[in-house]
Amino acid sequence: MLKNKNIILGVCGSIAAYKSAFLVRLLVKAGANIKVILTPDGANFITPLTLATLSKNPVYTQYFDEETGVWSNHVELGLWADLILIAPISANTLAKLATGICDNLLTAVYLSAKCPVYVAPAMDLDMWKHETTQTNIHQIQSFGNLIIEPGDGELASGLYGAGRMAEPEEIISFLDHAIKHSMPLYGKKVMVTAGPTYEAIDPVRFIGNHSSGKMGFALADELARLGASVTLIAGPTAQKENQILTRIDILSAQEMLNACTSIFSEMDITIMCAAVADYRPKVIANQKIKKQADSLVLELEKTVDILATLGKSKKANQILVGFALETHDEENYAKGKLAQKNLDMVVLNSLNDKGAGFKSDTNKITIFNKALECTVFEMKSKTAVAKDICTAILKILK
Ligand code: C5P
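Draft legend 1. Fine view of the packing of helix α10 (residues 253-263) against helix α11 (residues 306-313). In contact at an axis separation of 10 Å, α10 and α11 are set at 20° when each is read in the N-to-C sense. The angle between the axes of α10 and α11 places the two elements in the roughly parallel class. As for how α10 packs across α11, the hand of that crossing is right-handed. Facing Ala253, Met256, Leu257, Cys260 and Thr261 of α10, the residues of α11 in contact are Ile306, Thr309 and Leu310. Classifying every residue of the contact of α10 with α11 gives 6 nonpolar, 2 polar and no charged.

Draft legend 2. Spatial organisation of the sheet that holds strand β16 (residues 319-326). Pairing within the open sheet is mixed, and its 8 strands lie in the order β12-β11-β8-β13-β16-β17-β19-β20. The open sheet terminates on both sides in strands that have one partner only, identified here as β12 (246-249) and β20 (374-376). With strand direction ignored, the average angle separating the axes of adjacent strands in the sheet is 15°. As defined by bridge partners, strand β17 (residues 345-350) adjoins strand β19 (residues 365-369) across 5 bridges and the pair is classed as antiparallel. Looking at β19, one finds that Val347 is bridged to Ile367. Together, β8 (189-194), β11 (229-234), β12, β13 (269-272) and β16 form the strand contacts of helix α9 (residues 214-225), whose direction differs from that of β8 by roughly 165°.

Draft legend 3. Structural context of the packing of helix α4 (residues 91-99) against helix α5 (residues 105-112). The geometry of α4 relative to α5 is characterised by a closest axis approach of 11 Å and an angle of 35° between their N-to-C directions. In the crossing of α4 with α5, the sense of the turn from one axis to the other is right-handed. Of the residues in α5, those touching α4 at Thr93, Lys96 and Leu97 are Leu106, Thr107 and Tyr110. In terms of residue class, the contact of α4 with α5 is built from 3 nonpolar, 2 polar and 1 charged.

Thresholds applied
- Residues numbered from 1 in each chain as written.
- Predicted model: local features only at pLDDT ≥ 70, side-chain atom pairs only at ≥ 80, totals over all residues.
- Heavy atoms only, no water.
- Axes fitted to C-alpha atoms, helices over the stretch in contact; angles between N-to-C directions.
- Helix = DSSP H or I, 4+ residues; strand = E, 2+ residues; numbered from the N terminus.
- Parallel < 35°, antiparallel > 145°, perpendicular 65-115°, else oblique.
- Left-handed = near helix turned anticlockwise from the far one by under 90°.
- Contact = heavy atoms within 4.5 Å.
- Nonpolar A, V, L, I, M, F, W, Y, C, P; charged D, E, K, R; others polar.
- Pairing = 2+ DSSP bridges.

Next up, the structure:
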């Protein structure tokens, strides 16, 4: 969950600051990009050099470095962050966050940021129990900040009780859990089909099509990025997934049908992006067909329409999305498919639009929903198109 996340780690004046070094190490190991901001008092407990070495980034301590003249832009830092973690947060900085006092770089970045903020308090037990501290905790919680509760144990003062900063491993799993649960598609099972199908003529030849699978793979990646548990059913394609997902490789329309129907009932959302063959050879020759007569007639039979089959067994709480690639009378065909195949949404792309459809890295789509409302999109990269399709699905889910 933390991979490639931009994280600002604030470190305040507390003996627990020694744990911040381990924390930085774990965050870096998890693949996050870390920038550390030390409060003036925090720098008394742990050196910028330690944290800069571990985070592989310069450590920020003040707005303005008198020696170099470098100005640390708090707004830029705040907007860079995907999340801010203040660990340890002292009673003093807690009070500042609760009241809006902004007298150092960390508090200025906090006020400038729009991202989620997590704080891990560390202080002596009576300071933690004090009504002022508890009021401040409730206050910053009411602003939407998340508290990583301190643990019980022996404190630096020699006293025993609550106030020890959570252990670095606990902080990492808290972040992991919180990020997972904040993802819009967390807990949703999604199936995506992608690419072409190959229908065998003999052991050597097949009937296929030009689908590259790029759109389906972009969709599967975006859905996984939004937290969904994705099963990608892929026809023969050179595409590779970038996110963690379950991939089932198939060759023919029949294999795709078998794969889809075996898991469809468990799915919350199904998006059929594959270019499935509509016809296949009625008989597959056991041996390579020899070149003999001047012409050769192949008898074809219809494949099963997988999307329509799923549409028939769709339950009310399932979302089913189809694609329509048309060359003429696009809108009417797209609308027709919505009703005929019992879909919640159809994504139309026309081969008349340059840069749309097969093989290209771009696509130009129009989305029709069940109420037949249509949204026309500009030509975009397939990654951006995938985001638009997911936004439309999220609207249905609301
Ligand atoms: O009716 P048409 O083939 O144009 O519909 C296209 C949509 O139906 C796409 O979503 C495609 O993935 C799906 N389809 C299917 N099984 C077929 C043919 C198309 O699921 N045999």
